[in-house]
Structures are given as C-alpha cells and as structure tokens.
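# Breakdown of the fold
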Amino acid sequence: MPPLRIGVLGCSDFAWRKAIPSLLKVPELELVAVASRSPDKAAKFASAFGGEPVVGYERLIERPDVDAVYVPLPPSLHEEWVIRAVKAGKHAFVEKPFAMSAD
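Summarised in this report is the structure supplied together with it. All values reported here derive from a predicted model rather than from experimental measurement.

### So, the side chain of lysine 90
Structurally, the position occupied by lysine 90 is in the loop between helix H4 (75-87) and strand S5 (91-94). No salt bridge forms around the buried lysine 90; measuring N to O, its nearest opposite-charge neighbour aspartate 67 is 6.4 Å away. Looking at lysine 90, its side chain comes within polar contact range of the main-chain oxygen of arginine 63, at 2.8 Å. Polar side-chain contacts of lysine 90 include one of 2.7 Å to the backbone oxygen of valine 66.

### Quick look at H4
Given a rise of 1.5 Å per residue, 13 residues ought to cover 18 Å, and the 19 Å separating the end C-alpha atoms of H4 matches this to within 8%. Every buried residue belonging to H4 is among His78, Trp81, Val82 and Ala85, and all of these are buried. The elements touched by buried residues of H4 are strand S1 (4-9), helix H3 (57-62), strand S4 (68-71) and S5. Just beyond H4, the residue with positive phi is glycine 89, at close to 85 degrees.

### Side note on the layout of surface pockets
Computed from the structure, the largest pocket encloses a volume of approximately 160 Å³. Looking at the largest pocket, the residues that line it are Leu4, Ile6, Ala19, Ser22, Leu23, Leu29, Ala68, Val69, Tyr70 and Phe93. Elements with a contribution of two residues or more to the lining of the largest pocket: S1, helix H1 (13-23) and S4.

### Section: the nonpolar core
Membership of the largest hydrophobic core comes to 15 residues, with the highest contact counts inside it found for Leu9, Leu60 and Val69. Of all elements in the fold, only strand S2 (29-36), H3, S4 and H4 reach the threshold of two or more residues within this core. Counting residues in each nonpolar core, the second largest holds 13 residues, with Ala19, Leu23, Phe45 and Tyr70 among its members.

### Digging into the environment of valine 8
Take valine 8: it is sitting in strand S1. Under the relative-accessibility criterion, valine 8 is labelled buried at 0%. Those residues within four positions of valine 8 in sequence are excluded, and the remaining contacts are Ile20, Leu31, Ala33, Val34, Ala35, Leu60, Tyr70 and Pro72.

### Details of the pairing of S2
Most of S2 sits inside the fold, with six of its eight residues counted as buried. Relative to S2, S1 runs parallel, the two sharing six bridges. Bridging from a neighbouring strand, valine 8 pairs with valine 34 of S2. Following the chain from S1 across H1 to the adjacent parallel S2, one finds a crossover that is right-handed. Both S2 and strand S3 (residues 52-55) contribute to a ladder of four bridges, which runs parallel. Its bridge partner lying in S3, serine 36 is registered against valine 55. Once you follow S2 into helix H2 (residues 39-49) and on to S3, the crossover reads as right-handed.

Reading guide: rules and limits
Residues numbered from 1 in each chain as written. Predicted model: local features only at pLDDT ≥ 70, side-chain atom pairs only at ≥ 80, totals over all residues. Heavy atoms only, no water. Helix = DSSP H or I, 4+ residues; strand = E, 2+ residues; numbered from the N terminus. Buried < 20%, exposed > 50% of the residue type's maximum accessible area, 1.4 Å probe, protein only. Lys, Arg positive; Asp, Glu negative; His and termini not counted. Salt bridge = Lys/Arg side-chain N within 4 Å of Asp/Glu carboxyl O. Polar contact = N/O pair within 3.5 Å; in protein donor to acceptor, adjacent residues only side chain to side chain. Expected span 1.5 Å × (residues − 1). Contact = heavy atoms within 4.5 Å. 1 Å grid on protein atoms, 1.4 Å probe; cavity = no way out; pocket = protein on both sides within 12 Å on 5 of 7 lines; lining within 4 Å. Points joined across faces, edges and corners; volume = space filled by probe spheres on them. Core = buried A, V, L, I, M, F, W, Y, C linked by side-chain atoms within 4.5 Å. Pairing = 2+ DSSP bridges. Right-handed = clockwise from strand over helix to strand, strands pointing away.

Dropping the structure here:
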C-alpha cells in the first residue's frame, strides 16, 4: 500500500519540535510539502524535514500529490483551512481547538 502523502499548513514551533519528527517515524506516511506565508520559513522546514517548500496554504491544498494535511496554524485559522482542505478532498488533522466557538 502506498504511503499517505502529507502536507503541512504552517511552520509552528510545535510542528518543528514534535509533530513533524513524530510524523517522519511512521513508515505509512510521507511528508511531501510544507507551506508557509514566508518563503524562508517554508524552505527552512523543507530543508530540515524533506518535502517541497510551498508559499501559501492554498497552493499546498491544491497539490494533487497531497492526500492529507496537518494544520498547526494559530487556532483562529483552524476552521477556515480545515474546511478548505476537506472541500479539496484532503484528509485533515488539526490541533485543538477546531473552531473558536460552537457556532
């Protein structure tokens, strides 16, 4: 079975220290892209962990080689980007909370 191809939306400290190193230990997962609003930050993460640097979250979601996204963005951005990813046919793993309110 081919690996689940992961894209990371955002370059948070937690992603750097914990989430991506853990993800890389799972043989059924493959990191294919890391997105940031900053080209330098995306390049830094990709250089350290692999995958391609991508500038802009939308560009990562549009990639056909991404099956699922990990969303370590600030909580106020979770809902928007998870919904966008799911509408684009991607699986999504998001840090808590998913949304800023129950509404």
